[in-house]
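# Structure assessment
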2 protein chains.
Amino acid sequence: MRRIADSTVRRLSLYLRFLEESTNRGLVTISSDELARRGGTTSAQVRKDLSFFGSFGKRGLGYSVPELTESLREILGLRRDWQVIIVGAGKIGTALAQYRGFRQRGFRVTAVYDRDPKKIGTRWDALTVRDMAEIERDIQKEHPDIAVLTTPAEEAQVVVDRLVSAGMRALLNFAPIQLQVPPDVTLKNVNMAMELEGLSFALTNRDR
Amino acid sequence: MRRIADSTVRRLSLYLRFLEESTNRGLVTISSDELARRGGTTSAQVRKDLSFFGSFGKRGLGYSVPELTESLREILGLRRDWQVIIVGAGKIGTALAQYRGFRQRGFRVTAVYDRDPKKIGTRWDALTVRDMAEIERDIQKEHPDIAVLTTPAEEAQVVVDRLVSAGMRALLNFAPIQLQVPPDVTLKNVNMAMELEGLSFALTNRDR
DNA sequence: GGCGGCTTGTGAAATCATTCACAAGTTATC
DNA sequence: GATAACTTGTGAATGATTTCACAAGCCGCC
Ligand SMILES: NC(=O)c1ccc[n+]([C@@H]2O[C@H](COP(=O)([O-])OP(=O)(O)OC[C@H]3O[C@@H](n4cnc5c(N)ncnc54)[C@H](O)[C@@H]3O)[C@@H](O)[C@H]2O)c1
Ligand SMILES: NC(=O)c1ccc[n+]([C@@H]2O[C@H](COP(=O)([O-])OP(=O)(O)OC[C@H]3O[C@@H](n4cnc5c(N)ncnc54)[C@H](O)[C@@H]3O)[C@@H](O)[C@H]2O)c1
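None of these values were measured; they are calculated from a predicted model.

Another point: helix H5 (residues 91-98) of chain B. Of all the eight residues making up H5(B), six are buried; the element is thus mostly covered by neighbouring parts of the structure. Every buried residue of H5(B) is accounted for by B:Ile92, B:Gly93, B:Thr94, B:Ala95, B:Leu96 and B:Ala97.

Written as structure tokens, this is what we have:
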């Protein structure tokens, strides 16, 4: 398979959300044009994105909402649940651990870790904050799929190195720092300061 | 000025962070090559990014850390503080309002809004949660620069429409929904579900 | 079963972003 | 002040992504 651009994958994720909405509204078919309008893109883009993976529509008609939904779930690897662990039980880690939207989309938070003795043992819902000292053993035993990093920036690289040597291969980092990982590890960053600076740039350079 | 790509602006933001680190380590000059290595890019990319805005280095030497820092601050519009309001005092809104990293980078959270009577009036630090009913009046009076959206997805579009008609021109949205805004409004999205789905795709389609 | 109105799937073209490659400038050294 | 060792700034080349444009296929209707 040809390498798929990151931008394509992000759009597939959007399309899937629109399809789920469309199901809720009882729509049975949808055209590339409708899909495009909701995502702020073009119908040609939608069709090209899908064409990397096969041919899912009917000419003259459009796409079957349930069929395309299923195909996108398949493509994105969402026909199974994923086990997610959260490392760093601070303000943002806590908010994420309690967020119900992830579970709804098939991402189950199965453990939260911290190294602060005051936090270890705290419970929310079904989760208890575990001791960071146990993380390697737990990973080897429970094989979580994805680790979310919510420690302070100074700690993030050290923690990542531990996670990677324990076997983690997919990471979502919230610390505002550029982490180094080996090439077989997939790393995504959520960097809010960078987004705000993007807004600052846009406000400053308006109408140039 | 030629239109600047979003990817360029994001990298400038990264470079700025490395420069600040370099200042802390007492470095006086830095080469495009060092800047590139920390950001996972190439030295040609760094020089090209900067060249859109002028010429900041000395051939044979590199860039003066304090001078380039100052130039990037200028380019990104960071020589001033920005007033930020947060709309939706739920789990994620609260985490963001209390986050000290924003203030450190010149983004001052000056107000938080909610429509739930149980939340209105709550205080953290110097902030009191205000009544959503007052937001239009406050915006006209206080002219905040950036609004961060942390309401449930169902409410997000309605809230955005209110913010935009009250005069907001820069928005950072956390709700997992694609918002419609007029062309003179800059909108950025932080969509964690999309990032997780990107990881799911990567894990599923490894080594193809 | 043929026609008109739609919509997909996809090469080709156009646009946009990154990388290459090198002249030109800087510093240090002798 | 000539030489060597570096490093920038930037056109040109390459590579990637998006848009165009249209043949091919489907449906409903007469
Ligand atoms: N809070 C926000 O809204 C926000 C926004 C953007 C980015 N971030 C980033 O997210 C990260 C966390 O922010 P926060 O506000 O939740 O901070 P926080 O201080 O509330 O939480 C950090 C937690 O990590 C734990 N920790 C520290 N070192 C650890 C280690 N080696 N192993 C395991 N746990 C460790 C701490 O005990 C603490 O509980 C930071 O990097 C921050 O910059 C936060
Ligand atoms: N919590 C997370 O970790 C997380 C992660 C990713 C995305 N999100 C998204 O962020 C948003 C907020 O999530 P949350 O977990 O903080 O939810 P929450 O329910 O804790 O908070 C939402 C808040 O918005 C307020 N609100 C509702 N309608 C409003 C309106 N019209 N005007 C003003 N305030 C209004 C509610 O009273 C509530 O306080 C959601 O869209 C969610 O999908 C949250």
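Further remarks concern empty space enclosed by the protein. Going through the model one piece at a time under the given rule, you end up with five cavities of 30 Å³ or more. Space inside the largest cavity adds up to approximately 50 Å³. Those elements that place two or more of their residues in the lining of the largest cavity are helix H9 (192-205) of chain A together with strand S3 (82-87) of chain B. Tallied by class, the residues present in the lining of the largest cavity amount to 10 nonpolar, no polar and no charged. Along its surface, the second largest cavity is lined by A:Pro176, A:Ile177, A:Gln178, A:Asn191, B:Leu14, B:Arg17, B:Phe18 and B:Glu21. Along the lines of polarity and charge, the residues of the lining of the second largest cavity split into four nonpolar, two polar and two charged.

On to the pairing of strand S8 (residues 170-173) of chain B. When a strand is regular, its side chains alternate between the sheet's two faces. Residue and element names in this part refer to chain B. Along S8, one buried face is formed by Ala-170 and Leu-172 and the opposite face, lined by Leu-171 and Asn-173, is buried too. Two strands pair when backbone bridges link them, and strand S7 (residues 146-149) and S8 are joined in this way by three bridges, in the parallel orientation. Its bridge partner being in S8, Leu-149 is matched across the sheet by Asn-173. For the crossover from S7 across helix H8 (residues 153-166) to S8, the handedness is right-handed.

Mapping chain B onto chain A is achieved by rotating through 180 degrees and translating by 0.0 Å along the same axis, at an RMSD of 0.1 Å. In the structure described here, the two chain copies are related by an operation that fits a two-fold rotation axis. Taken together, the interface assignments show that 100% of the residues at the interface of chain B recur at the interface of chain A, consistent with an identical surface on both copies.

Before going further, it helps to examine the pairing of strand S9 (residues 186-189) of chain B. Residue and element names in this part refer to chain B. On S9, burial follows the alternation: Thr-186 and Lys-188 on one face are buried, whereas Leu-187 and Asn-189 on the facing-out side are not. For S8 and S9, the ladder comprises four bridges, and the chain directions are parallel. By the bridge assignment for S9, Ala-170 is matched with Thr-186.

Turning to the pattern of salt bridges, a few remarks are in order. All names here are of chain B. Following the criterion strictly, the structure yields 40 salt bridges over all chains and no others. The salt bridge involving Glu-142 is made with Arg-130; its shortest N-O contact spans 3.2 Å. Taken together, the residues span a long stretch of sequence, with Glu-142 in helix H7 (residues 135-142) and Arg-130 in strand S6 (residues 127-131) at a distance of 12 residues. Here Glu-142 falls in the partly exposed class, since its relative accessible area comes to 29%. By relative accessible area, Arg-130 is classed as partly exposed at 23%.

Here the focus is the protein's contact with DNA strand D. Around DNA strand D, the structure places 26 residues, and the nearest of them are A:Arg11, B:Ser32, B:Arg47, B:Gly57 and B:Tyr63. Counted by atom, the contact set of DNA strand D within 4 Å of the protein is 62% sugar and phosphate. At 3.1 Å from a base oxygen of DNA strand D is found a main-chain nitrogen or oxygen belonging to B:Gly60. In the model, a phosphate oxygen of DNA strand D is placed 2.8 Å from a nitrogen or oxygen of the B:Tyr63 side chain. Those elements that provide at least two residues to the surface near DNA strand D are helix H1 (6-24) and helix H3 (43-51) of chain A together with helix H3 (43-51) of chain B. By residue number, the principal contributor to the surface near DNA strand D is H3(A), which donates four residues. Here the residues of the surface near DNA strand D are counted per class, giving six nonpolar, 11 polar and nine charged.

Cut-offs and rules
Residues numbered from 1 in each chain as written. Chains lettered and ligands numbered in written order. Predicted model: local features only at pLDDT ≥ 70, side-chain atom pairs only at ≥ 80, totals over all residues. Heavy atoms only, no water. Buried < 20%, exposed > 50% of the residue type's maximum accessible area, 1.4 Å probe, protein only. Helix = DSSP H or I, 4+ residues; strand = E, 2+ residues; numbered from the N terminus. 1 Å grid on protein atoms, 1.4 Å probe; cavity = no way out; pocket = protein on both sides within 12 Å on 5 of 7 lines; lining within 4 Å. Points joined across faces, edges and corners; volume = space filled by probe spheres on them. Nonpolar A, V, L, I, M, F, W, Y, C, P; charged D, E, K, R; others polar. Pairing = 2+ DSSP bridges. Right-handed = clockwise from strand over helix to strand, strands pointing away. Least-squares fit on C-alpha atoms with pLDDT ≥ 70 in both. Contact = heavy atoms within 4.5 Å. Salt bridge = Lys/Arg side-chain N within 4 Å of Asp/Glu carboxyl O. Near = heavy atom within 4 Å. Polar contact = N/O pair within 3.5 Å; in protein donor to acceptor, adjacent residues only side chain to side chain.

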